[in-house]
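Now for the letters of each chain:
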Amino acid sequence: AEGVRRGDWKMICSNAGNILESVIIPAFPVVERLKQAMMDNGACLSMMSGSGTAVFGVFETRERAECAGDKLKILTREVYVI
């Protein structure tokens with residue numbers, strides 16, 4: 001909540017998490033590969049959404065997101081930069 005009040009994206013990213021990842025990742029290792037690929041390509045946060053319908057990354061700039069998106073296409077069919 002403090003990060004949101006301050007508008008501090010780095011604080012928000014460092015405090016985000018999804019407990020369901022501990023169950024889903026062992027069954028679907030591609031989730032971890034996608035998360036790591038985003039982090040390796042400049043995301044300040046990458047995690048599974050909800051119960052795993054998607055994996056998303058938060059980037060400081062659209063340019064970084066688009067570059068990462070191009071690289072992620074080798075791991076998955078669908079990549080969206082919004």
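Heads up: these notes are all about the structure in this document.

**Considerations on the environment of Ala 68**
Here Ala 68 is to be found in helix α5 (residues 62–72). Take Ala 68: its relative accessible area is 1%, and that puts it in the buried class. Through-space distance from the C-alpha of Ala 68 to that of Met 39 is 9.0 Å; in sequence the pair is 29 residues apart. Excluding residues that lie within four positions of it along the chain, Ala 68 makes contacts with Asn 41 and Phe 59.

**Some points on the state of the cysteines**
All chains considered together, the criterion is met by zero disulfides. In this structure Cys 44 is not part of a disulfide, and its nearest cysteine sulfur, from Cys 13, lies 3.0 Å away. The thiol sulfur of Cys 67 is not disulfide-bonded, and the nearest other cysteine sulfur, from Cys 44, lies at 16 Å.

**A short note on the nonpolar core**
Formed by Leu 34, Ala 37, Met 38, Ala 43, Phe 59, Ala 65, Ala 68 and Leu 72, the largest nonpolar core amounts to eight residues. Those residues in contact with Leu 72, other than ones at most four positions away along the chain, are Leu 34, Ala 37, Met 38 and Val 79.

**Looking at the pattern of salt bridges**
Applying the stated criterion across every chain, the model contains six salt bridges. Arg 5 is the salt-bridge partner of Glu 2, the closest N and O atoms lying 3.0 Å from each other. Taken together, the residues Glu 2 and Arg 5, both in helix α1 (residues 2–6) and three residues apart, mark about one turn of the helix. Taking the relative accessible area as the measure of exposure, Glu 2 reaches 33% and is therefore partly exposed. The exposure class of Arg 5 is exposed, given its relative accessible area of 62%. For Lys 10, the salt bridge identified is with Glu 60, shortest N-O distance 3.6 Å. Taken together, the positions of Lys 10 in helix α2 (residues 9–15) and Glu 60 in the loop between β2 (54–58) and α5 put the pair 50 residues apart, joining distant regions of the chain. One exposure class covers both Lys 10 and Glu 60, and it is exposed. Among the charged side chains, a network of salt bridges with common partners joins Glu 2, Arg 5 and Arg 6.

Conventions adopted
- Residues numbered from 1 in each chain as written.
- Predicted model: local features only at pLDDT ≥ 70, side-chain atom pairs only at ≥ 80, totals over all residues.
- Heavy atoms only, no water.
- Helix = DSSP H or I, 4+ residues; strand = E, 2+ residues; numbered from the N terminus.
- Buried < 20%, exposed > 50% of the residue type's maximum accessible area, 1.4 Å probe, protein only.
- Contact = heavy atoms within 4.5 Å.
- Disulfide = S-S within 2.5 Å.
- Core = buried A, V, L, I, M, F, W, Y, C linked by side-chain atoms within 4.5 Å.
- Salt bridge = Lys/Arg side-chain N within 4 Å of Asp/Glu carboxyl O.

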